[in-house]
Amino acid sequence: MTEAPREGHHAAHTWQEARSRAFEVAAPIPPGPVPISSAIGRTLASDVLAVQDMPHYASSAMDGWAVNGSGPWILSEPGQRLAPHQASPIVTGGLIPPGAKAVLRSESGDITTDDDGLPILALGGRAKPGEPRNGQHIRRAGEEATEGEVLLKAGTVLNPAHIALAALAGLDHLNVLGKPLVRFLLTGSEVVVHGVPGPGQVRDTFGPQLGSVVELLGGIAGERLRVGDSYEEWLAAFQDTDFQDTEPLPGGPDVEAEPPADVVITTGGTGRSGTDHFRKAVAELGGELLIDGIAMRPGHPAVLAELPDGRFVLGLPGNPLAAMMALFTVGGPLLAALGHGKLEDVAEVPCGAMIDADPGRTRLMPFRLMYGLASPAQHAGPGMMRGLAAADGVMVVPPHGVQMGELVPAFALPWGKPLPAPKPADDKPRKAPARPAKKAPAGPVDWSALDA
Ligand SMILES: Nc1nc2c(c(=O)[nH]1)N[C@H]1C(S)=C(S)[C@@H](COP(=O)(O)OP(=O)(O)OC[C@H]3O[C@@H](n4cnc5c(N)ncnc54)[C@H](O)[C@@H]3O)O[C@H]1N2
Ligand code: MOO
(Lines give C-alpha, C1' and ligand atoms only; values in the text may rest on other atoms or scores of the structure.)
(Ligands and ions follow the chains in the order given, each with its own letter.)
Protein backbone atom coordinates (compact mmCIF):
# COMPACT_ATOMS: atom_id res chain seq x y z
CA MET A 1 0.00 0.00 0.00
CA THR A 2 1.22 3.44 -0.78
CA GLU A 3 0.03 6.83 0.31
CA ALA A 4 -2.20 8.77 -1.98
CA PRO A 5 -0.01 11.02 -4.11
CA ARG A 6 0.00 14.60 -2.91
CA GLU A 7 0.19 17.48 -5.25
CA GLY A 8 3.72 17.80 -6.57
CA HIS A 9 4.69 14.47 -5.04
CA HIS A 10 4.78 10.99 -6.50
CA ALA A 11 3.32 8.06 -4.56
CA ALA A 12 5.66 7.16 -1.76
CA HIS A 13 5.76 4.23 0.63
CA THR A 14 5.49 4.94 4.32
CA TRP A 15 8.62 4.27 6.35
CA GLN A 16 7.21 0.99 7.68
CA GLU A 17 6.08 -0.13 4.21
CA ALA A 18 9.46 0.66 2.69
CA ARG A 19 11.26 -1.46 5.32
CA SER A 20 8.95 -4.44 4.87
CA ARG A 21 9.01 -4.17 1.10
CA ALA A 22 12.81 -4.07 0.97
CA PHE A 23 12.85 -7.25 3.07
CA GLU A 24 10.11 -9.03 1.14
CA VAL A 25 11.39 -8.44 -2.39
CA ALA A 26 14.63 -10.34 -1.78
CA ALA A 27 15.19 -14.07 -1.22
CA PRO A 28 18.17 -15.54 0.67
CA ILE A 29 21.19 -16.11 -1.56
CA PRO A 30 21.78 -19.90 -1.81
CA PRO A 31 24.79 -21.41 -0.03
CA GLY A 32 27.99 -21.87 -1.95
CA PRO A 33 31.71 -22.47 -1.58
CA VAL A 34 34.07 -19.63 -0.64
CA PRO A 35 37.86 -19.77 -0.29
CA ILE A 36 38.72 -20.34 3.36
CA SER A 37 40.63 -17.04 3.49
CA SER A 38 37.36 -15.19 2.78
CA ALA A 39 35.20 -17.26 5.10
CA ILE A 40 35.74 -15.54 8.47
CA GLY A 41 32.43 -14.26 9.77
CA ARG A 42 30.44 -16.38 7.32
CA THR A 43 27.93 -19.00 8.50
CA LEU A 44 28.60 -22.65 7.63
CA ALA A 45 25.84 -24.13 5.52
CA SER A 46 26.85 -27.76 6.09
CA ASP A 47 28.91 -29.78 8.56
CA VAL A 48 32.65 -29.93 7.90
CA LEU A 49 33.99 -33.48 8.15
CA ALA A 50 37.57 -34.69 8.43
CA VAL A 51 38.47 -35.94 4.95
CA GLN A 52 41.20 -38.12 6.45
CA ASP A 53 42.65 -38.87 9.86
CA MET A 54 44.14 -35.82 11.55
CA PRO A 55 47.06 -35.88 11.75
CA HIS A 56 47.09 -38.19 8.77
CA TYR A 57 50.48 -39.74 9.56
CA ALA A 58 52.39 -40.49 12.75
CA SER A 59 55.02 -37.81 13.31
CA SER A 60 57.62 -36.79 15.81
CA ALA A 61 56.75 -34.24 18.50
CA MET A 62 60.44 -33.52 19.18
CA ASP A 63 63.74 -33.06 17.44
CA GLY A 64 65.85 -36.19 18.17
CA TRP A 65 65.94 -39.77 16.97
CA ALA A 66 63.32 -42.32 16.06
CA VAL A 67 64.29 -45.46 17.96
CA ASN A 68 63.34 -49.13 18.07
CA GLY A 69 63.85 -50.96 21.37
CA SER A 70 66.34 -50.03 24.05
CA GLY A 71 69.72 -48.40 23.55
CA PRO A 72 72.41 -48.15 22.65
CA TRP A 73 71.22 -47.85 19.08
CA ILE A 74 73.01 -48.26 15.79
CA LEU A 75 72.33 -45.24 13.60
CA SER A 76 70.75 -45.72 10.22
CA GLU A 77 69.67 -43.38 7.43
CA PRO A 78 66.50 -41.32 8.09
CA GLY A 79 63.29 -42.81 6.75
CA GLN A 80 64.44 -46.43 6.61
CA ARG A 81 62.74 -49.28 8.51
CA LEU A 82 64.28 -49.61 11.96
CA ALA A 83 65.20 -53.02 13.30
CA PRO A 84 65.49 -53.49 17.10
CA HIS A 85 68.32 -51.36 18.55
CA GLN A 86 68.41 -49.11 15.51
CA ALA A 87 67.74 -45.36 15.45
CA SER A 88 67.63 -42.61 12.87
CA PRO A 89 67.63 -38.80 13.18
CA ILE A 90 64.23 -37.08 13.05
CA VAL A 91 62.93 -33.51 13.39
CA THR A 92 59.70 -32.23 14.93
CA GLY A 93 56.87 -33.07 12.55
CA GLY A 94 58.99 -35.64 10.71
CA LEU A 95 57.39 -38.84 9.43
CA ILE A 96 57.94 -41.71 11.89
CA PRO A 97 59.82 -44.46 9.98
CA PRO A 98 58.47 -48.01 9.96
CA GLY A 99 59.63 -50.02 12.94
CA ALA A 100 60.12 -46.98 15.21
CA LYS A 101 58.60 -47.37 18.67
CA ALA A 102 59.44 -43.99 20.22
CA VAL A 103 61.32 -40.74 19.76
CA LEU A 104 64.27 -39.91 21.95
CA ARG A 105 64.63 -36.12 22.39
CA SER A 106 67.98 -34.68 21.31
CA GLU A 107 68.59 -33.56 24.93
CA SER A 108 68.27 -37.18 26.10
CA GLY A 109 70.79 -38.84 23.79
CA ASP A 110 74.47 -38.61 22.94
CA ILE A 111 76.26 -39.75 19.80
CA THR A 112 79.33 -41.73 20.76
CA THR A 113 81.33 -44.52 19.13
CA ASP A 114 81.37 -48.20 19.90
CA ASP A 115 84.44 -50.39 20.45
CA ASP A 116 84.92 -50.57 16.69
CA GLY A 117 84.76 -46.78 16.32
CA LEU A 118 81.32 -46.84 14.66
CA PRO A 119 78.84 -44.08 15.61
CA ILE A 120 76.13 -45.13 18.03
CA LEU A 121 73.38 -43.38 19.96
CA ALA A 122 73.33 -43.82 23.73
CA LEU A 123 71.08 -42.41 26.45
CA GLY A 124 72.54 -39.12 27.63
CA GLY A 125 72.87 -37.60 31.06
CA ARG A 126 69.66 -35.53 30.72
CA ALA A 127 67.49 -38.55 29.87
CA LYS A 128 64.66 -39.05 32.35
CA PRO A 129 64.24 -42.43 34.04
CA GLY A 130 62.37 -44.83 31.75
CA GLU A 131 63.10 -42.84 28.56
CA PRO A 132 62.20 -43.66 25.86
CA ARG A 133 58.80 -45.10 26.72
CA ASN A 134 56.94 -46.94 24.01
CA GLY A 135 55.14 -44.31 21.87
CA GLN A 136 56.86 -41.41 23.62
CA HIS A 137 56.97 -38.13 21.62
CA ILE A 138 55.07 -39.72 18.75
CA ARG A 139 51.96 -37.86 17.53
CA ARG A 140 49.70 -40.68 16.53
CA ALA A 141 47.74 -40.55 13.28
CA GLY A 142 44.10 -39.66 13.97
CA GLU A 143 44.68 -38.36 17.49
CA GLU A 144 42.91 -35.06 16.68
CA ALA A 145 40.15 -36.55 14.52
CA THR A 146 39.43 -39.68 12.58
CA GLU A 147 38.27 -39.63 8.97
CA GLY A 148 34.59 -38.67 8.71
CA GLU A 149 34.38 -37.06 12.16
CA VAL A 150 32.46 -33.75 12.35
CA LEU A 151 34.96 -30.93 12.84
CA LEU A 152 32.53 -27.99 12.54
CA LYS A 153 28.76 -28.01 12.63
CA ALA A 154 26.46 -26.32 10.13
CA GLY A 155 25.37 -22.94 11.51
CA THR A 156 28.79 -22.12 12.98
CA VAL A 157 29.80 -18.50 12.45
CA LEU A 158 33.39 -18.93 11.38
CA ASN A 159 36.16 -17.39 13.47
CA PRO A 160 39.92 -17.49 12.79
CA ALA A 161 40.39 -20.73 14.76
CA HIS A 162 37.69 -22.42 12.65
CA ILE A 163 39.51 -21.31 9.50
CA ALA A 164 42.82 -22.65 10.82
CA LEU A 165 41.11 -25.97 11.62
CA ALA A 166 39.72 -26.15 8.08
CA ALA A 167 43.20 -25.46 6.69
CA LEU A 168 44.68 -28.11 8.99
CA ALA A 169 42.12 -30.53 7.58
CA GLY A 170 43.33 -29.74 4.07
CA LEU A 171 40.26 -27.82 2.88
CA ASP A 172 40.43 -24.97 0.37
CA HIS A 173 36.76 -23.96 0.38
CA LEU A 174 33.91 -23.94 2.85
CA ASN A 175 30.23 -24.13 2.03
CA VAL A 176 28.64 -21.05 3.58
CA LEU A 177 25.28 -19.31 3.53
CA GLY A 178 24.98 -16.68 0.82
CA LYS A 179 25.87 -13.10 1.67
CA PRO A 180 25.20 -10.19 -0.66
CA LEU A 181 28.13 -8.65 -2.52
CA VAL A 182 27.58 -4.91 -2.81
CA ARG A 183 29.20 -2.57 -5.30
CA PHE A 184 29.15 1.19 -5.07
CA LEU A 185 28.49 3.70 -7.77
CA LEU A 186 29.34 7.15 -6.44
CA THR A 187 28.07 9.95 -8.63
CA GLY A 188 28.46 13.70 -8.86
CA SER A 189 31.03 15.75 -10.73
CA GLU A 190 31.16 18.25 -7.83
CA VAL A 191 32.44 15.56 -5.48
CA VAL A 192 36.14 15.60 -4.59
CA VAL A 193 37.90 12.77 -2.80
CA HIS A 194 40.85 14.53 -1.14
CA GLY A 195 41.51 17.70 0.77
CA VAL A 196 39.39 20.69 1.69
CA PRO A 197 36.68 21.32 -0.92
CA GLY A 198 36.41 24.69 -2.62
CA PRO A 199 33.16 26.60 -3.34
CA GLY A 200 30.83 24.44 -5.45
CA GLN A 201 32.69 21.31 -4.48
CA VAL A 202 31.79 18.80 -1.76
CA ARG A 203 34.08 16.36 -0.12
CA ASP A 204 32.96 12.78 -0.65
CA THR A 205 31.45 11.46 2.57
CA PHE A 206 30.49 8.07 1.17
CA GLY A 207 33.70 6.53 -0.19
CA PRO A 208 35.45 6.34 3.19
CA GLN A 209 32.59 4.79 5.17
CA LEU A 210 29.82 3.27 3.10
CA GLY A 211 31.59 -0.07 2.69
CA SER A 212 31.99 -0.42 6.47
CA VAL A 213 28.31 0.34 7.07
CA VAL A 214 27.32 -2.19 4.43
CA GLU A 215 29.48 -4.79 6.15
CA LEU A 216 27.84 -3.96 9.50
CA LEU A 217 24.45 -4.42 7.82
CA GLY A 218 25.41 -7.90 6.61
CA GLY A 219 26.82 -7.25 3.13
CA ILE A 220 30.23 -7.77 1.58
CA ALA A 221 31.72 -4.47 0.47
CA GLY A 222 32.91 -4.83 -3.11
CA GLU A 223 34.32 -2.44 -5.64
CA ARG A 224 33.62 1.27 -6.00
CA LEU A 225 33.23 3.23 -9.16
CA ARG A 226 32.92 6.99 -9.50
CA VAL A 227 30.99 8.56 -12.32
CA GLY A 228 30.22 12.13 -13.29
CA ASP A 229 26.86 13.60 -14.14
CA SER A 230 26.35 12.45 -17.74
CA TYR A 231 23.60 9.95 -18.51
CA GLU A 232 25.96 7.89 -20.70
CA GLU A 233 28.31 7.35 -17.75
CA TRP A 234 25.39 6.30 -15.53
CA LEU A 235 23.99 3.89 -18.07
CA ALA A 236 27.37 2.31 -18.78
CA ALA A 237 27.96 1.86 -15.05
CA PHE A 238 24.51 0.30 -14.53
CA GLN A 239 25.16 -2.12 -17.40
CA ASP A 240 28.64 -3.00 -16.23
CA THR A 241 28.42 -6.15 -14.13
CA ASP A 242 32.18 -6.26 -13.77
CA PHE A 243 33.29 -2.73 -13.11
CA GLN A 244 36.85 -1.91 -12.21
CA ASP A 245 37.45 -0.49 -8.77
CA THR A 246 38.52 3.14 -8.96
CA GLU A 247 39.97 2.91 -5.44
CA PRO A 248 40.54 -0.64 -4.22
CA LEU A 249 39.66 -0.90 -0.53
CA PRO A 250 42.59 -1.76 1.71
CA GLY A 251 41.94 -5.27 2.95
CA GLY A 252 39.08 -5.59 0.49
CA PRO A 253 38.46 -8.69 -1.57
CA ASP A 254 41.75 -9.76 -3.12
CA VAL A 255 40.23 -12.06 -5.72
CA GLU A 256 41.33 -11.27 -9.27
CA ALA A 257 37.80 -10.71 -10.53
CA GLU A 258 34.85 -10.22 -8.23
CA PRO A 259 31.74 -12.22 -9.03
CA PRO A 260 28.76 -10.12 -10.20
CA ALA A 261 27.30 -7.97 -7.46
CA ASP A 262 23.98 -8.82 -5.83
CA VAL A 263 23.33 -5.18 -4.97
CA VAL A 264 24.58 -1.93 -6.47
CA ILE A 265 24.33 1.08 -4.19
CA THR A 266 24.38 4.45 -5.91
CA THR A 267 24.79 7.81 -4.22
CA GLY A 268 23.25 11.02 -5.55
CA GLY A 269 21.11 11.46 -8.61
CA THR A 270 17.87 10.27 -7.01
CA GLY A 271 16.18 13.62 -7.64
CA ARG A 272 14.37 14.66 -10.77
CA SER A 273 16.73 17.28 -12.20
CA GLY A 274 18.56 17.00 -15.53
CA THR A 275 21.60 15.43 -13.86
CA ASP A 276 19.59 12.84 -11.90
CA HIS A 277 19.50 9.73 -14.05
CA PHE A 278 18.60 6.84 -11.74
CA ARG A 279 15.05 6.21 -12.95
CA LYS A 280 15.85 6.77 -16.61
CA ALA A 281 18.74 4.29 -16.54
CA VAL A 282 16.62 1.67 -14.72
CA ALA A 283 13.82 2.11 -17.26
CA GLU A 284 16.16 1.86 -20.25
CA LEU A 285 17.60 -1.39 -18.93
CA GLY A 286 14.12 -2.86 -18.42
CA GLY A 287 14.36 -2.75 -14.63
CA GLU A 288 11.51 -2.38 -12.18
CA LEU A 289 11.18 0.32 -9.52
CA LEU A 290 10.28 -1.47 -6.29
CA ILE A 291 10.38 1.57 -4.03
CA ASP A 292 10.16 5.01 -5.54
CA GLY A 293 10.38 7.51 -2.72
CA ILE A 294 9.56 7.11 0.96
CA ALA A 295 7.34 9.42 3.00
CA MET A 296 10.15 10.20 5.40
CA ARG A 297 12.57 12.98 6.12
CA PRO A 298 15.44 13.04 5.47
CA GLY A 299 15.93 10.55 2.67
CA HIS A 300 12.58 10.77 0.88
CA PRO A 301 13.96 10.39 -2.69
CA ALA A 302 15.44 6.93 -1.93
CA VAL A 303 14.81 4.42 -4.71
CA LEU A 304 15.07 0.64 -4.93
CA ALA A 305 14.99 -1.11 -8.29
CA GLU A 306 15.61 -4.59 -9.62
CA LEU A 307 17.37 -5.06 -12.95
CA PRO A 308 16.45 -7.92 -15.33
CA ASP A 309 19.72 -9.71 -14.43
CA GLY A 310 18.53 -9.94 -10.80
CA ARG A 311 20.72 -7.22 -9.35
CA PHE A 312 19.09 -4.85 -6.91
CA VAL A 313 20.01 -1.19 -7.27
CA LEU A 314 19.55 1.00 -4.22
CA GLY A 315 19.64 4.71 -4.93
CA LEU A 316 20.70 6.74 -1.91
CA PRO A 317 20.10 10.50 -1.98
CA GLY A 318 23.24 12.62 -2.28
CA ASN A 319 22.74 14.45 1.02
CA PRO A 320 24.94 12.57 3.51
CA LEU A 321 22.47 12.17 6.39
CA ALA A 322 19.60 11.47 3.98
CA ALA A 323 21.72 8.71 2.43
CA MET A 324 22.41 7.07 5.78
CA MET A 325 18.71 7.10 6.69
CA ALA A 326 17.81 5.56 3.35
CA LEU A 327 20.52 2.96 3.83
CA PHE A 328 19.21 2.04 7.30
CA THR A 329 15.60 1.98 6.10
CA VAL A 330 15.96 0.09 2.81
CA GLY A 331 19.53 -1.26 2.67
CA GLY A 332 19.42 -2.91 6.12
CA PRO A 333 16.30 -5.02 5.44
CA LEU A 334 17.38 -5.81 1.85
CA LEU A 335 20.82 -7.06 2.93
CA ALA A 336 19.27 -8.99 5.83
CA ALA A 337 16.87 -10.78 3.47
CA LEU A 338 19.61 -11.65 0.97
CA GLY A 339 21.92 -12.80 3.76
CA HIS A 340 19.54 -15.19 5.56
CA GLY A 341 18.87 -12.66 8.32
CA LYS A 342 15.64 -11.36 9.80
CA LEU A 343 13.88 -8.04 9.71
CA GLU A 344 15.03 -6.38 12.92
CA ASP A 345 12.31 -5.39 15.35
CA VAL A 346 11.92 -1.68 15.87
CA ALA A 347 12.68 -0.75 19.48
CA GLU A 348 11.12 2.03 21.54
CA VAL A 349 12.66 4.82 23.59
CA PRO A 350 11.01 7.42 25.83
CA CYS A 351 11.23 10.74 24.07
CA GLY A 352 12.90 13.62 25.88
CA ALA A 353 11.20 16.38 23.90
CA MET A 354 7.86 17.29 22.44
CA ILE A 355 7.96 16.98 18.67
CA ASP A 356 5.27 18.67 16.59
CA ALA A 357 3.26 16.93 13.91
CA ASP A 358 4.46 16.87 10.29
CA PRO A 359 1.49 15.41 8.42
CA GLY A 360 2.23 12.67 5.92
CA ARG A 361 5.89 12.23 6.85
CA THR A 362 7.87 10.11 9.26
CA ARG A 363 10.91 11.91 10.59
CA LEU A 364 14.08 10.04 11.31
CA MET A 365 15.86 11.94 14.06
CA PRO A 366 19.25 11.01 15.46
CA PHE A 367 19.08 11.18 19.27
CA ARG A 368 21.25 10.84 22.26
CA LEU A 369 20.13 9.12 25.43
CA MET A 370 20.19 11.52 28.36
CA TYR A 371 19.08 10.15 31.73
CA GLY A 372 17.14 7.44 29.90
CA LEU A 373 15.33 9.90 27.60
CA ALA A 374 15.99 10.29 23.88
CA SER A 375 16.97 13.87 23.10
CA PRO A 376 16.86 14.81 19.41
CA ALA A 377 20.26 15.84 18.08
CA GLN A 378 21.13 19.25 16.84
CA HIS A 379 22.95 19.50 13.52
CA ALA A 380 20.79 16.84 11.92
CA GLY A 381 19.96 18.55 8.64
CA PRO A 382 19.97 16.29 5.55
CA GLY A 383 23.47 17.42 4.56
CA MET A 384 24.97 17.34 8.07
CA MET A 385 26.74 14.59 9.95
CA ARG A 386 27.46 16.07 13.40
CA GLY A 387 24.16 14.92 14.87
CA LEU A 388 24.50 11.33 13.72
CA ALA A 389 28.18 11.23 14.66
CA ALA A 390 27.27 11.82 18.32
CA ALA A 391 24.03 9.83 18.36
CA ASP A 392 23.00 6.66 20.21
CA GLY A 393 20.22 5.83 17.79
CA VAL A 394 17.54 7.18 15.49
CA MET A 395 13.96 7.99 16.49
CA VAL A 396 11.22 7.18 14.05
CA VAL A 397 8.89 10.07 14.76
CA PRO A 398 5.37 9.44 13.44
CA PRO A 399 3.66 12.10 11.35
CA HIS A 400 1.42 13.10 14.30
CA GLY A 401 4.45 13.96 16.44
CA VAL A 402 5.32 12.81 19.94
CA GLN A 403 4.74 14.02 23.47
CA MET A 404 7.45 14.50 26.06
CA GLY A 405 8.05 11.18 27.85
CA GLU A 406 6.02 9.18 25.31
CA LEU A 407 7.54 6.01 23.88
CA VAL A 408 8.65 6.53 20.30
CA PRO A 409 9.85 3.86 17.85
CA ALA A 410 13.62 3.89 17.42
CA PHE A 411 16.52 1.86 16.14
CA ALA A 412 20.14 1.53 17.17
CA LEU A 413 23.00 2.45 14.87
CA PRO A 414 24.74 -0.45 13.13
CA TRP A 415 28.01 0.56 14.79
CA GLY A 416 26.49 1.42 18.18
CA LYS A 417 25.22 -0.34 21.26
CA PRO A 418 21.73 -1.89 21.25
CA LEU A 419 19.10 0.39 22.70
CA PRO A 420 18.13 -0.33 26.31
CA ALA A 421 14.69 -1.89 26.74
CA PRO A 422 12.28 0.76 28.02
CA LYS A 423 11.23 0.25 31.62
CA PRO A 424 7.89 -1.58 32.00
CA ALA A 425 4.93 0.72 32.60
CA ASP A 426 4.61 -0.09 36.32
CA ASP A 427 8.33 0.49 36.78
CA LYS A 428 8.18 4.03 35.45
CA PRO A 429 9.03 6.91 37.77
CA ARG A 430 6.09 7.48 40.09
CA LYS A 431 5.89 11.12 39.12
CA ALA A 432 4.71 11.67 35.57
CA PRO A 433 6.45 14.53 33.73
CA ALA A 434 6.30 17.32 36.29
CA ARG A 435 5.23 19.93 33.76
CA PRO A 436 2.50 19.82 31.19
CA ALA A 437 3.71 18.64 27.80
CA LYS A 438 3.18 22.03 26.17
CA LYS A 439 5.91 23.51 28.39
CA ALA A 440 8.42 20.81 27.40
CA PRO A 441 11.18 21.89 25.02
CA ALA A 442 10.10 21.45 21.44
CA GLY A 443 12.58 20.07 18.91
CA PRO A 444 16.28 19.52 19.28
CA VAL A 445 17.97 19.91 22.66
CA ASP A 446 21.49 21.30 22.82
CA TRP A 447 23.54 18.67 24.61
CA SER A 448 26.82 19.58 22.93
CA ALA A 449 28.04 21.13 26.21
CA LEU A 450 27.97 17.65 27.72
CA ASP A 451 30.39 16.32 25.14
CA ALA A 452 33.70 15.28 26.62
N1 LIG B 1 13.07 20.44 -6.49
C2 LIG B 1 13.44 19.54 -5.59
N3 LIG B 1 14.73 19.48 -5.24
C4 LIG B 1 15.13 18.59 -4.32
C5 LIG B 1 14.19 17.73 -3.71
C6 LIG B 1 12.84 17.81 -4.10
O7 LIG B 1 11.97 17.08 -3.62
N8 LIG B 1 12.53 18.73 -5.07
N9 LIG B 1 14.62 16.86 -2.76
C10 LIG B 1 15.80 17.22 -2.04
C11 LIG B 1 16.23 16.15 -1.22
S12 LIG B 1 15.26 15.85 0.12
C13 LIG B 1 17.36 15.45 -1.45
S14 LIG B 1 17.91 14.29 -0.33
C15 LIG B 1 18.17 15.68 -2.61
C16 LIG B 1 18.44 14.37 -3.37
O17 LIG B 1 19.41 14.65 -4.27
P18 LIG B 1 20.06 13.59 -5.23
O19 LIG B 1 19.96 12.20 -4.67
O20 LIG B 1 19.56 13.80 -6.59
O21 LIG B 1 21.58 13.94 -5.10
P22 LIG B 1 22.38 15.12 -5.77
O23 LIG B 1 21.46 16.13 -6.29
O24 LIG B 1 23.36 14.51 -6.66
O25 LIG B 1 23.09 15.69 -4.50
C26 LIG B 1 22.41 16.23 -3.40
C27 LIG B 1 23.43 16.86 -2.46
O28 LIG B 1 24.29 15.86 -1.97
C29 LIG B 1 25.64 16.22 -2.23
N30 LIG B 1 26.43 15.01 -2.47
C31 LIG B 1 26.36 14.19 -3.55
N32 LIG B 1 27.28 13.20 -3.44
C33 LIG B 1 27.95 13.44 -2.31
C34 LIG B 1 29.03 12.78 -1.67
N35 LIG B 1 29.62 11.70 -2.22
N36 LIG B 1 29.48 13.26 -0.49
C37 LIG B 1 28.91 14.37 0.05
N38 LIG B 1 27.86 15.02 -0.51
C39 LIG B 1 27.42 14.59 -1.68
C40 LIG B 1 25.56 17.08 -3.45
O41 LIG B 1 26.70 17.86 -3.62
C42 LIG B 1 24.31 17.86 -3.16
O43 LIG B 1 24.59 18.93 -2.28
O44 LIG B 1 17.56 16.55 -3.52
C45 LIG B 1 16.94 17.69 -2.93
N46 LIG B 1 16.46 18.53 -3.97
O1 MOO C 1 15.97 13.21 1.51
MO2 MOO C 1 16.41 14.89 1.66
O3 MOO C 1 17.23 14.60 2.91
O4 MOO C 1 15.11 15.14 2.94
O5 MOO C 1 17.53 16.29 1.89
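The sections below set out a description of the structure shown in this document. (Residues numbered from 1 in each chain as written. Chains lettered and ligands numbered in written order. Predicted model: local features only at pLDDT ≥ 70, side-chain atom pairs only at ≥ 80, totals over all residues.)

Some remarks on the overall build of the chain
Within the chain one finds 7 helices and 26 strands. Of the contacts formed within the chain by residues at least 6 apart in sequence, a portion of 68% connects residues at least 24 apart. (Helix = DSSP H or I, 4+ residues; strand = E, 2+ residues; numbered from the N terminus. Contact = placed C-beta atoms within 7 Å.)

Focus: the sheet that holds strand S21 (residues 312-316)
Pairing in this open sheet of 6 strands is mixed, and the strands run S16-S13-S17-S21-S20-S18 from one edge to the other. The open sheet has two edge strands with one neighbour each: strand S16 (220-227) and strand S18 (288-292). Neighbouring strand axes in the sheet, compared pairwise and without regard to direction, differ in orientation by 20° on average. Of the strand pairs in this sheet, S18 and strand S20 (residues 303-306) are connected by 4 bridges, and their pairing is antiparallel. Bridged to Leu289 within S20 is Ala305. Contacts from helix H4 (residues 231-239) reach strand S13 (181-187) and S16 within the one sheet, and its direction differs from that of S16 by about 155°. Packed on one face of the sheet, helix H6 (residues 320-338) meets strand S17 (263-267), S18, S20 and S21 and runs near 160° to S21. (Pairing = 2+ DSSP bridges. Axes fitted to C-alpha atoms, helices over the stretch in contact; angles between N-to-C directions.)

So, unusual backbone geometry
Gly71 connects to Pro72 through a cis peptide bond whose omega is -10°. Inspection of the secondary structure assignment puts Pro72 in the loop between strand S4 (64-67) and strand S5 (73-75). In the segment running from Arg297 into Pro298, the intervening peptide bond is cis, with an omega of -5°. Its identity is not glycine, yet His340 carries a phi of approximately 70°, on the positive side. Tracing the backbone shows His340 in the loop between H6 and strand S22 (347-350). Given 18 C-beta atoms within a 10 Å radius, His340 is considered partly exposed. Positive phi, normally seen in glycine, also occurs at His379, with a value near 55°. (Buried ≥ 20, exposed ≤ 12 C-beta atoms within 10 Å, placed from the backbone.)

A look at the site of ligand 2
What surrounds ligand 2 is the set Arg297, Pro298, Gly299, His300, Pro301, Pro317, Asn319, Ala322 and Pro382. Of the residues belonging to the shell around ligand 2, the class tally is 5 nonpolar, 3 polar and 1 charged. (Near = placed C-beta within 6 Å. Nonpolar A, V, L, I, M, F, W, Y, C, P; charged D, E, K, R; others polar.)

Focus on the site of ligand 1
Taken together, 23 residues are adjacent to ligand 1, and Gly268, Thr270, Gly271, Pro317 and Gly318 come closest. Residue classes in the shell around ligand 1 are distributed as 10 nonpolar, 10 polar and 3 charged.

As for H6
When the terminal C-alpha atoms of H6 are compared, their 25 Å separation across 19 residues agrees well with the 27 Å that a helix rising 1.5 Å per residue should span. Of all the bends found along H6, the most pronounced is centred on Gly331 and spans about 35°, while Pro333, a proline, follows it within four residues. Within H6, 19 of the 19 residues are buried, leaving the element largely enclosed by the surrounding structure. (Expected span 1.5 Å × (residues − 1). Bend = angle between axes of the 7 residues up to and from the residue.)

Some thoughts on the packing of helix H1 (residues 15-24) against H6
It is at 7 Å that the axes of H1 and H6 come closest, and there the two elements cross at 25°. Overall, the two elements H1 and H6 adopt an arrangement that is roughly parallel. As for the relative orientation of H1 and H6, their crossing is right-handed in sense. Facing Trp15, Ala18, Arg19, Ala22 and Phe23 of H1, the residues of H6 in contact are Thr329, Val330, Pro333, Leu334, Ala336 and Ala337. (Parallel < 35°, antiparallel > 145°, perpendicular 65-115°, else oblique. Left-handed = near helix turned anticlockwise from the far one by under 90°.)

As for the environment of Met62
Along the chain, the position of Met62 falls in the loop between strand S3 (59-60) and S4. Taking the C-alpha atoms as reference, Met62 lies 9.7 Å from Arg139; in sequence the two are 77 residues apart. Beyond its immediate chain neighbours, meaning those up to four positions away, Met62 contacts Thr92, Val103, Arg105 and His137.

Regarding the pairing of strand S23 (residues 362-370)
With 7 of 9 residues buried, S23 is to be regarded as a mostly interior element. Both strand S19 (residues 296-297) and S23 contribute to a ladder of 2 bridges, which runs parallel. Counterpart to Met296 in the pairing with S23 is Thr362. Of the strand pairs in this sheet, S23 and strand S25 (residues 393-397) are connected by 5 bridges, and their pairing is antiparallel. Opposite Met365, over in S25, you have Met395 as the bridge partner. Where S23 meets strand S24 (residues 373-376), 4 bridges bridge the pair, whose relative direction is antiparallel.

Details of the nonpolar core
In this structure, Leu334 and Met395 are the most contacted members of the largest nonpolar core, which totals 80 residues. Among the elements that take part in this core, H6 stands out by supplying 14 residues, more than any other. Mapping this core onto the domain boundaries places at least three of its residues in each of domain 1 (15-30 + 179-338) and domain 4 (347-450). Met62, Ala66, Ala102 and Leu104 belong to the second largest nonpolar core, which has 15 residues in total. (Core = buried A, V, L, I, M, F, W, Y, C linked by C-beta atoms within 7 Å. Domains from an automatic or database assignment.)

Topic: the environment of Gln136
Turning to its location among the elements, Gln136 is positioned in the loop between strand S9 (119-123) and strand S10 (138-139). Sequence separation between Gln136 and Arg105 is 31 residues, and the spatial gap between their C-alpha atoms is 9.5 Å. Excluding residues within four positions of it along the chain, Gln136 makes contact with Ala102, Val103 and Glu131.

Examining the sheet that holds strand S6 (residues 86-90)
Strand order in the open sheet made by the 6 strands is S7-S4-S6-S5-S9-S8, with mixed pairing throughout. At either end of the open sheet lies a strand with only one pairing partner, and these are strand S7 (102-105) and strand S8 (109-113). For this sheet, the mean inter-axis angle between neighbouring strands, taken without regard to orientation, is 40°. As judged from the 4 bridges shared by S4 and S6, these two strands associate in the antiparallel manner. Its bridge partner being in S6, Ala66 is matched across the sheet by Ser88.

Notes on helix H2 (residues 160-168)
Along H2, the residues that are buried comprise His162, Leu165 and Ala166. Looking straight down H2, one finds its buried side chains confined to an arc of 100°; they lie on one side. For H2, exposure combined with an orientation more than 90 degrees from the buried face picks out Pro160, Ala161, Ala164 and Ala167. Looking one or two places after H2, you find Gly170, whose phi comes out positive at around 90°. (Arc of directions from axis to C-beta.)

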